[in-house]
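# Overview (structure and organization)
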Number of protein chains: 2
Amino acid sequence: MQTKITLDESEIPTHWYNVVADMPNPPSPPLGPDGKPIGPEALAGIFPMGLIEQEVSAERWIPIPERVREALSMWRPSPLYRAHRLEAALGTPAKIYYKNESVSPAGSHKVNTAVAQAYYNQQAGIKRLATETGAGQWGSSIALAGQMFGLEVRIFMVRVSYDQKPFRRSMMQTWGGQVFASPSNETQTGRAILAKDPNNPGSLGIAISEAVEEAASRADTNYALGSVLNHVLLHQTIIGLEAKKQFAKVGDYPDMVFAPCGGGSNFGGAAFPFFADKASGKRVRLVAVEPTSCPTLTKGEYAYDFGDTAGLTPLMKMYTLGHDFMPPGIHAGGLRYHGDSPLVSQLYHEGLIEALAVPQIATFEAGVMFARSEGIIPAPESNHAIRACIDEALRCKESGEAKTLFFNLSGHGHFDMAAYDKYLAGELTDFYYPEAEIKASLAGSPKVG
Amino acid sequence: MQTKITLDESEIPTHWYNVVADMPNPPSPPLGPDGKPIGPEALAGIFPMGLIEQEVSAERWIPIPERVREALSMWRPSPLYRAHRLEAALGTPAKIYYKNESVSPAGSHKVNTAVAQAYYNQQAGIKRLATETGAGQWGSSIALAGQMFGLEVRIFMVRVSYDQKPFRRSMMQTWGGQVFASPSNETQTGRAILAKDPNNPGSLGIAISEAVEEAASRADTNYALGSVLNHVLLHQTIIGLEAKKQFAKVGDYPDMVFAPCGGGSNFGGAAFPFFADKASGKRVRLVAVEPTSCPTLTKGEYAYDFGDTAGLTPLMKMYTLGHDFMPPGIHAGGLRYHGDSPLVSQLYHEGLIEALAVPQIATFEAGVMFARSEGIIPAPESNHAIRACIDEALRCKESGEAKTLFFNLSGHGHFDMAAYDKYLAGELTDFYYPEAEIKASLAGSPKVG
């Protein structure tokens, strides 16, 4: 009874998969402040050309540089698990598989793109990276990647996570990163927000504004983003590409793929390579799972909006709750983002992928059940995919269907034990964002076209 | 340039290796309160017969039950890494390899024996396990293993670690374990110690007394120990056995093996399978690395002493600092033990293995260097082996020797970031235990024969 489906180091994919090549319509372009499409040159102030080319590429396969593959080989290929114990605990006829991205040194999938971004920036002669982080998974990933490629890394960490997760900060510092609670006094954006509200809990949108401001104002500094953008999702496709090889090894294939969805890189990384098959006629359902407290796909509007709070980024066509939407301080910090990847958004808008929202307490219930059966304590973000997958497995129990279900275990919860403590003590709360507040927030956002 | 040397799930060893078969002299027997050797039946009140048989066995190979191999396959075989980046950072001609035991769900090697112990207890019809934990690595491992085999687990956690590492407690609770700060009010031993000193920081010796008292006083409850005993070291030999297969795959073999040494299971697990080769004439040096704050092998006495503080265990012939020795609250909680494995002690006494002690600050310096080059943030215990290995690699740099060095990365430091914080802030201290205090402590310990 095989539990772990592994690949050899030589089987690490040699190319990333670009979903744009298989989309029925070309992606909506990003727009400048004047409402006109911007070209690659507009991004050159904060990104290296290697990444900009990937951002706008329509090529199906993009080669992974040898030094990036070498860096990835520290923890990749990651194992695919058949969750025999979870299936037994649920009493379901469904077969459950998960990709274990928690095996990376930073503990999540985020480092898959971090090493690629650090590589291209180093090649371009950049000395410093500025970035934001929510739960700290991205921040620790880019701190490690910066260390590997000799770059200084400055990280703006959403204050509510900075306070909830002091040890994620220590982790970044152990890898040599510099960490600031955002909103911070390091930037004009941060200072302006603190002047109005010294206790502002921060958001990914604010932290992005701070990092972009710093990158735009210094020639030696570029910006690095942990999700949302096309090139970030591209780098994460290594997850789904490996998973497909692993499914082939055991002669199985998923009926449904579940991944958490905040900015979209988790979902894009796990699901897009399966979309390639769907585009060629294969039946496979791809499900993005988000929190009810930040229901971007399920309650947001498909419109042009800024990626950050201050409006420094280009306008992107995406599902959004409004760029100054302030989600509550839930424990899945990585899913507290007002917008979503334009690629994920477009596929959802065109009915090619699905989305659902789950409340916080139910996600931790699923996470504890998973930990007690499969051993690994999942990140709160991952618990969203686990919840959706367990719900489907329970439906299979009702119907008797032996579906093959696959989810992305995007990270471990070693830095989230305070949240588990609260769950076990019955102190967690659910949050369903009132539609009126979403509407009010959207009213303040631009809607071009 | 291969980084990670992996094995297939089918290559998980089918047998544990028992070093007793290759020792030049039989192990000194444990003694009862009357100073006479005790037989297996004396242990039957707190251990299942399956484990007692292993405790006294002289068979070289002991089969691993299929259900234990299946449980181990959740994370095993663990990868062997060639530390190319660390070698480059040191500029050494030495080749450095490490076994990555941090990939287990509980984050350390401890779970290798936890699943075996839970299995044999379940087979014997036991419902509850009582145990102690220092740093929390053992406690979390046995909580997980208990959950996997349907046993209730009660854990006495050394108070100083309980306070330093609240999230290890959360981890045990997430897996369903019950955790008490030791000394506790749950046992007579604990209550007596608290009556004298309500602020007693605890020690492994005290926590063992509490767990043994509980196991001895209830028929449905057995005791589980995370180190020291022969069967525990036996279960850990899976580490070295896998490593040997992995070295064979790349056509290399270590000149020196380094492992942290507290109770001895980390060292025994990594080194004993290489001792088998040494016993047949192969040149390989086996080095146990301990903290200068608890220098059992390097400053202790080889004598009969109790395994616990209250004197409830049989007398064991081992290196000891005296059974009421109270080591300072260093961050490598797993190495704060007054005694050592009788098997490790006897091999050391007979000059067949080596030992050295390293101070705390130097171990964290090594750990941060390792984290910045190899990516993984190590457990403070593991940092001891890393320090010793780096020192040897630096000697190779002087001498120009291209030695092959191997160490056991026994666990990750995700629950030790407060210690890294202190190191980075320059707030850690070193501690060299004064010989006079060791002598005074030893004076109060029995020395039979």
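Of the regular secondary structure elements, chain A holds 17 helices and 15 strands. In terms of overall dimensions, chain A is globule-like: its C-alpha atoms have a radius of gyration of 20 Å, near the 22 Å expected for 449 residues. Put simply, chain A has 449 residues, and 67% of those count as buried. Within chain A, contacts between residues at least 6 apart in sequence are counted, and of these 77% link residues at least 24 apart. Accessible area for chain A stands at about 14,300 Å²; split by element, carbon and sulfur atoms hold 51% of it. The average position of the 39 basic charges and that of the 47 acidic charges among the side chains of chain A differ by 3 Å.

With an RMSD of 0.0 Å, the fit of chain A onto chain B corresponds to turning through 180 degrees and sliding 0.0 Å along the axis. In symmetry terms, the pair is related by a two-fold rotation axis. Both copies present the same face, since 100% of the interface residues in chain A are matched by interface residues at the equivalent positions in chain B.

Centre-to-centre distance and the angle between the planes together describe a pair of aromatic rings. Residue and element names in this part refer to chain A. Applying the stated rule across the entire model yields 43 aromatic pairs over all chains. Relative to Y420, the ring of F364 has its centre 5.1 Å away and its plane inclined at 75 degrees; by these criteria the two rings are edge-to-face. With F364 in helix α14 (residues 360-374) and Y420 in helix α16 (residues 417-424), the pair connects residues that are 56 residues apart, well separated along the chain. Exposure class is identical for F364 and Y420. Each is buried. A connected cluster of aromatic rings, assembled from ring pairs, spans Y97, F247, Y253, F274 and F406. The lysine or arginine in question, R169, covers the ring of Y162, its NZ or CZ lying 5.9 Å from the ring centre.

Residues and elements named next belong to chain B. In this structure the tally under the stated criterion is 42 salt bridges over all chains. Here E242 ties to K99 by a salt bridge, and the two come within 2.7 Å at their closest N and O atoms. Residue E242 is located in helix α11 (residues 238-249), and its partner K99 is located in strand β5 (residues 95-100); the two are separated by 143 residues in the primary sequence. Judged by relative accessible area, K99 falls into the buried class, the value being 0%. Salt-bridge contacts for K244 lead to D277; the nearest nitrogen and oxygen are separated by 3.1 Å. Highlighted residues: K244 in helix α11 and D277 in helix α12 (residues 265-279), separated in sequence by 33 residues.

Moving on, we get to the packing of helix α8 (residues 188-196) of chain B against helix α9 (residues 204-216) of chain B. Residue and element names in this part refer to chain B. Where α8 meets α9, the axes come as close as 8 Å, and the angle between the chain directions of the two elements is 140 degrees. Of the possible angle classes, the one that applies to α8 and α9 is oblique. Here Q188, T189, G190 and I193 of α8 come into contact with α9, specifically with I206, S209, E210 and E213. Residue classes in the contact of α8 with α9 are distributed as two nonpolar, four polar and two charged.

Side chains that are nonpolar tend, in soluble globular proteins, to be buried together. One finds V115, F267, F272, F274 and L286 of chain A to be the most contacted residues of the largest nonpolar core, which totals 84 residues. Excluding anything up to four places from it in sequence, F272 of chain A contacts Y17, V19, L233, T237, F267, L343, V344 and L347 of chain A. Of all hydrophobic cores here, the second largest spans 83 residues; its members include V115, A118, C261 and A271 of chain B.

Next up on the list: the interface of chain A and chain B. Contacts between the two partners involve 44 residues from chain A, matched on the other side by 44 residues from chain B. When the area that chain A buries against chain B is broken down by residue, the three leading residues are M74, T174 and R372 of chain A, summing to 18%. Between R169 of chain B and D421 of chain A there is a salt bridge; the shortest N-O distance is 3.5 Å. Summed over the shared surface of chain A and chain B, the result is 22 residue pairs in polar contact (both at pLDDT 80 or more). The element best represented in the side of chain A that touches chain B is helix α7 (residues 166-174) of chain A, accounting for six residues. Of the residues contributing to the side of chain A that touches chain B, the split by class is 21 nonpolar, 13 polar and ten charged.

Residues and elements named next belong to chain A. An order of β1-β4-β5-β15-β10-β11-β14 is seen for the seven strands of this open sheet, with the pairing classed as mixed. The open sheet has two edge strands, β1 (4-5) and β14 (354-358), and neither has a second partner. Both β1 and strand β4 (residues 80-82) contribute to a ladder of two bridges, which runs antiparallel. Directly across from K4, in β4, lies its bridge partner Y81.

This brings us to the sheet that holds strand β6 (residues 128-133) of chain B. All names here are of chain B. In space, the four strands of this open sheet follow the order β8-β7-β6-β9, with parallel pairing throughout. Of all strands in the sheet, those with a lone pairing partner are β8 (178-182) and β9 (221-224), marking the two edges. Strand-to-strand twist of the sheet, defined as the mean angle between neighbouring strand axes without regard to direction, takes the value 25 degrees.

For the rest of this paragraph, the subject is helix α7 (residues 166-174) of chain B. Listing the buried residues of α7 of chain B in full gives R168, R169, S170, M171, M172 and T174 of chain B. Residue G176 of chain B follows α7 of chain B closely and has a positive phi angle near 95 degrees.

Residues and elements named next belong to chain B. Looking at the element boundaries, P37 is found in the loop between β2 (15-17) and α1 (49-56). For the pair formed by P37 and L315, sequence separation is 278 residues and the distance between their alpha carbons is 9.1 Å. When neighbours within four sequence positions are excluded, P37 is seen to be in contact with P29, P30 and L31.

Residues and elements named next belong to chain A. Each neighbour pair has its own omega, and for R76 with P77 the value is -10 degrees, a cis peptide bond. Topologically, P77 is positioned in the loop between α2 (66-72) and β4. Phi at V228 takes a positive value of approximately 70 degrees, unusual for a residue other than glycine. If you trace the backbone, V228 turns up in the loop between β9 (221-224) and α10 (230-249).

Residues and elements named next belong to chain A. Neither face of β9 is left uncovered, since the one carrying T221 and Y223 and the one carrying N222 and A224 both have all their residues buried. As paired strands, strand β6 (residues 128-133) and β9 are joined by four bridges and run parallel to one another. Its bridge partner lying in β9, R128 is registered against T221.

Moving on, we get to helix α11 (residues 265-279) of chain A. Residues and elements named next belong to chain A. If you check α11, its first and last C-alpha atoms are 20 Å apart, about what 15 residues at 1.5 Å a residue would give, namely 21 Å. Burial of α11 is extensive: 13 of the 15 residues sit out of reach of the surface. Following α11 by one or two positions, G281 has its phi on the positive side, about 105 degrees.

This next bit is on the confidence of the model for chain A. Across chain A, the average pLDDT comes to 94, with 100% of residues at or above 70. Model confidence for the complex: the whole-complex pTM is 0.95, and ipTM, which rates the interface, is 0.94.

This next bit is on the state of the cysteines. Residue and element names in this part refer to chain B. On inspection of all chains with the given rule, the structure shows zero disulfides over all chains. No disulfide involves C294; its nearest neighbouring cysteine sulfur is the one of C261, lying 10 Å away. The thiol of C396 is not disulfide-bonded; the next cysteine sulfur, from C389, is found 8.9 Å away.

Okay, the packing of α10 of chain A against α11 of chain A next. Residue and element names in this part refer to chain A. Where α10 meets α11, the closest approach of the two axes is 6 Å, and the angle between their N-to-C directions is 55 degrees. As the angle between them shows, α10 and α11 are arranged oblique. Crossing hand, α10 versus α11: right-handed. Together, V232, L233, Q236, T237, I239, G240, L241, A243, K244 and F247 of α10 and S265, G268, G269, A270, F272, P273, F274, A276 and D277 of α11 make up the contact between the two elements. Along the lines of polarity and charge, the residues of the contact of α10 with α11 split into eleven nonpolar, six polar and two charged.

Within the secondary structure layout, P79 of chain A lies in the loop between α2 and β4. Along the chain, P79 of chain A and V111 of chain A lie 32 residues apart, while their C-alpha atoms are 16 Å from each other.

How each quantity is defined
- Residues numbered from 1 in each chain as written.
- Chains lettered and ligands numbered in written order.
- Predicted model: local features only at pLDDT ≥ 70, side-chain atom pairs only at ≥ 80, totals over all residues.
- Heavy atoms only, no water.
- Helix = DSSP H or I, 4+ residues; strand = E, 2+ residues; numbered from the N terminus.
- Rg over C-alpha atoms; globule rule 2.2 N^0.38 Å.
- Buried < 20%, exposed > 50% of the residue type's maximum accessible area, 1.4 Å probe, protein only.
- Contact = heavy atoms within 4.5 Å.
- Areas by Shrake-Rupley, 256 points an atom, 1.4 Å probe, with all protein chains shown as cover.
- Lys, Arg positive; Asp, Glu negative; His and termini not counted.
- Charge placed at Lys NZ, Arg CZ, Asp CG, Glu CD.
- Least-squares fit on C-alpha atoms with pLDDT ≥ 70 in both.
- Phe/Tyr/Trp six-rings, centres within 6.5 Å; stacked < 30°, edge-to-face > 60°.
- Lys NZ or Arg CZ within 6 Å of the ring centre and 35° of its normal.
- Salt bridge = Lys/Arg side-chain N within 4 Å of Asp/Glu carboxyl O.
- Axes fitted to C-alpha atoms, helices over the stretch in contact; angles between N-to-C directions.
- Parallel < 35°, antiparallel > 145°, perpendicular 65-115°, else oblique.
- Nonpolar A, V, L, I, M, F, W, Y, C, P; charged D, E, K, R; others polar.
- Core = buried A, V, L, I, M, F, W, Y, C linked by side-chain atoms within 4.5 Å.
- Buried area = accessible area lost by both parts, 1.4 Å probe.
- Polar contact = N/O pair within 3.5 Å; in protein donor to acceptor, adjacent residues only side chain to side chain.
- Pairing = 2+ DSSP bridges.
- Expected span 1.5 Å × (residues − 1).
- pLDDT = per-residue confidence, 0-100.
- Disulfide = S-S within 2.5 Å.
- Left-handed = near helix turned anticlockwise from the far one by under 90°.

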